[in-house]
Amino acid sequence: MQQNPLEWLENLYQRALKTEMLRRIVRNSGYLVSATVFSAAMGMVQNAFSFRVLGVAGVGLLGALGTFTNVLNRLTSFRIDEMVVRYIRLYEERKEHKKAAAVFKMAGLLEMAGAVAAFLLILGLAPLGVRLFSDQPNTEQWFILYGTLVLINLIFDTSDGMLQVFNRFGAKAIIDIVQSLVRVGLTIAVYFTGGGLFEIILAELAGRIVRSAGVIGLAVITARRQWGAGWWKTPLSTLADDRRSLLTFAFSTNLSATISLVSKDSEDLWVNAFLGNVVGGYYNVARSLIGLLQIPISPLPSTTYPELSRSMARGNWGNVRYVIQRGSRMAALYSLPVTAFLLVFGRWVIGLYAGPDFLPAYPLLVILLAGYTFANIFYWNRVALLAMNRPVFPTVVNFIGMVVKVVLIFVLAERFQAYAFAGLLSSYYIFTVGVAASRVSLDLRQKIAQGAAA
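None of these values were measured; they are calculated from a predicted model.

What counts and how
All residue numbers refer to positions counted from 1 along the written sequence of the respective chain. Local features in this predicted model are restricted to residues of pLDDT 70 or higher, and side-chain atom pairs are both shown and tallied only at a pLDDT of 80 or more, whereas totals for entire chains, interfaces and linings draw on every residue. Remark: hydrogens and water are excluded; side-chain values derive from all non-hydrogen atoms of the structure. The axes used here are C-alpha line fits, helices contributing only the stretch in contact, and every angle between their N-to-C directions lies in the interval 0 to 180 degrees. Numbered from the N terminus, helices here are DSSP runs of H or I no shorter than four residues, and strands are runs of E no shorter than two. Note that the term roughly parallel is reserved for angles under 35 degrees, roughly antiparallel for angles over 145, roughly perpendicular for angles of 65 to 115, and oblique for everything else. By convention, the crossing between two helices is left-handed when the near helix turns anticlockwise from the far helix through less than a right angle, and right-handed when the turn is clockwise. In what follows, a contact means two residues having at least one pair of non-hydrogen atoms within 4.5 Å. Think of a salt bridge as a Lys or Arg side-chain nitrogen and an Asp or Glu carboxyl oxygen that are within 4 Å of each other. The classification of residues rests on relative accessible area computed with a 1.4 Å probe and restricted to protein chains. Under 20% of the type maximum is buried, over 50% is exposed, and intermediate values are partly exposed. We define the nonpolar core as a collection of buried residues of types Ala, Val, Leu, Ile, Met, Phe, Trp, Tyr and Cys that are connected through side-chain atoms lying within 4.5 Å of one another. In this analysis, rings of Phe, Tyr and Trp, with Trp reduced to its six-membered ring, are considered paired at centre separations within 6.5 Å, and the interplanar angle assigns stacked below 30 degrees, edge-to-face beyond 60, and tilted for intermediate values. For patches, a residue must show more than 30% relative accessible area and have no salt bridge; joins then use 9 Å for like charges and 5 Å for nonpolar side chains, namely Val, Leu, Ile, Met, Phe, Trp and Tyr. A 1.4 Å probe and the Shrake-Rupley method give the accessible areas. Residues count as covered only by the protein chains that appear here. Expected span, for any helix, means 1.5 Å times one less than how many residues it has.

Draft legend 1. How the structure looks around the packing of helix 12 (residues 277-294) against helix 14 (residues 317-353). Packing of helix 12 against helix 14 leaves a shortest axis separation of 10 Å and a crossing angle of 140 degrees. What the angle tells us is that helix 12 and helix 14 run oblique. Viewed along their axes, helix 12 and helix 14 form a crossing whose handedness is right-handed. Contact residues: helix 12 offers Val285, Ser288, Leu289, Leu292 and Leu293, while helix 14 offers Tyr334, Ser335, Val338, Thr339, Leu342, Val349, Ile350 and Tyr353.

Draft legend 2. Quick look at the pattern of salt bridges. Applying the stated rule across the entire model yields 10 salt bridges. Among the ionic pairs, Arg183 bridges to Glu204, the shortest N-O distance being 3.2 Å. You can see Arg183 sitting in helix 8 (residues 169-192) and its partner Glu204 sitting in helix 9 (residues 197-227), a full 21 residues away along the chain. Judged on exposure class, the residue Arg183 and its partner Glu204 are both buried. Residue Asp443 is joined to Arg390 by a salt bridge in which the shortest nitrogen-to-oxygen separation is 2.5 Å. Pair noted here: Asp443 is in helix 18 (residues 418-453) and Arg390 is in the loop between helix 16 (381-387) and helix 17 (392-416), with a separation of 53 residues, a long-range link. By relative accessible area, which is 32% here, Arg390 ends up partly exposed.

Draft legend 3. Summary view of the nonpolar core. Ranked by internal contacts, the top residues of the largest apolar core, which has 67 residues, are Leu65, Ile201, Tyr283, Phe358, Leu368 and Phe421. Discounting chain neighbours no more than four positions away, the residues touching Leu65 are Trp142, Phe143, Tyr146, Leu197 and Ile201. Grouped together as the second largest cluster of nonpolar side chains are 51 residues, Tyr87, Phe166, Leu308 and Tyr379 included.

Draft legend 4. Quick peek at the side chain of Ser328. Structurally, Ser328 is set in helix 14. Given the relative accessible area of 11%, Ser328 is considered buried. Here Ser328 is in contact with Ile377, Phe378, Tyr379 and Trp380, once residues within four sequence places are set aside.

Draft legend 5. Looking closely at the packing of aromatic side chains. Per the stated rule, a full pass over the model turns up 22 aromatic pairs. Ring plane angle 45 degrees and centroid distance 5.9 Å describe the contact between Trp142 and Phe198, whose orientation is recorded as tilted. Remark: Phe198 occurs in helix 9 and Trp142 occurs in helix 5 (residues 140-147); sequence separation between them is 56 residues. Assessed through its relative accessible area of 19%, Trp142 is described here as buried. For Phe198, a relative accessible area of 36% corresponds to the partly exposed category. With a centroid separation of 5.5 Å and an interplanar angle of 70 degrees, the aromatic rings of Phe274 and Phe410 are classed as edge-to-face.

Draft legend 6. Quick look at a nonpolar patch on the surface. Side chains of Val392, Val396, Phe399, Ile400, Val403, Val404, Val407, Val411 and Phe431 sit close together on the surface and give an oily, nonpolar patch of about 750 Å² of accessible area. The topology assignment puts Phe399 in helix 17. Using a relative accessible area of 43% as the deciding quantity, one classes Phe399 as partly exposed.

Draft legend 7. Representation of helix 9. Between its first and last C-alpha atoms helix 9 spans 45 Å; for 31 residues at 1.5 Å apiece the expected length is 45 Å, and the two agree. Positive phi appears at Gly228, one or two residues downstream of helix 9, with a value of about 95 degrees.

So, in structure tokens, the structure goes:
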């Protein structure tokens, strides 16, 4: 008997998304992907206008300002959202709601302390930032102004982790869309009113205020619904028996974040310091276009992590393996065609996106695509290790990759210029992601074999 088209599509959907866990990941990612696609489109429009306002050197300086703030913020903070997801999910599964509330409270206090420390560092190091990363004198005030972002995001990561745990992805997507509209609207206004770097920074900060206020407010409302109005009074001593585990997880992820800062998240600082703001502008545009490759992939770790944590807490290892295998296939189905498109039409895209002055960014884009495409396909590598309670392993791997990369920067940068930075970043991704993904696969085989023997 011949199936009608609707039945055929339904069967295809059931085969592709065989497990409920995978369907939840795709559904929750769908909320964020919808917001990410919209935000990315708005971000492209915003960048197109800001690039034309600032010029090549101005774009390089803006990238240095943002990275300078991010580096100092991450240096004093933890990947606190990962700790929130890992332990609130664990305690909720065990019905230990007081412990879950105490984790949220502790995480918020840690993040606030880190934000204040980061801003003090920004105030103290802004003159050094001007000397190292700016071709223009008297730009110290721009470093400080952009640095207020760390106070705007006072407990943003803690709140974001809370929303991940309780599947508030739809509301989070709406917040992301609203903040994107604010940023692009204000940037277009700056372009038509003849503004400059000061106004572009204000437009960026305004959008971040909207996003931070929305996410923090929603997380507090969620905590009240889950644990009652007095959740914030839960004593931290509730976690006394688990304090060592919590702090080990927090500090290991903080160390991992610090390593990432040096090895990959501070690229704009490295390029601007070694090669100046003009080359930094080209590099910034190339990395901005990588965003096209990451649009539907970037939400997947945050939606996959809570589900992997839940399944691993229940010992459902076969389901975990199935999900990461299917996840890689779905990521490849998107990543490989987009990579091919950018390889073929990249020059045209850069000219349309940023203007003909930025065409030297194309070779850098080609080199970067190799590493980012590989990382996309194995997007789950780090969150799977965290869910397996292996936070130290990716830290060690990333540290080795960082040391090699930094040494080679000093060896190769003078001769190969920006190509050295792009090649080393791609190589770093391929090495660290490849080793971490192999560790996950080995652990899963062992767990499944142990379960079969039992």
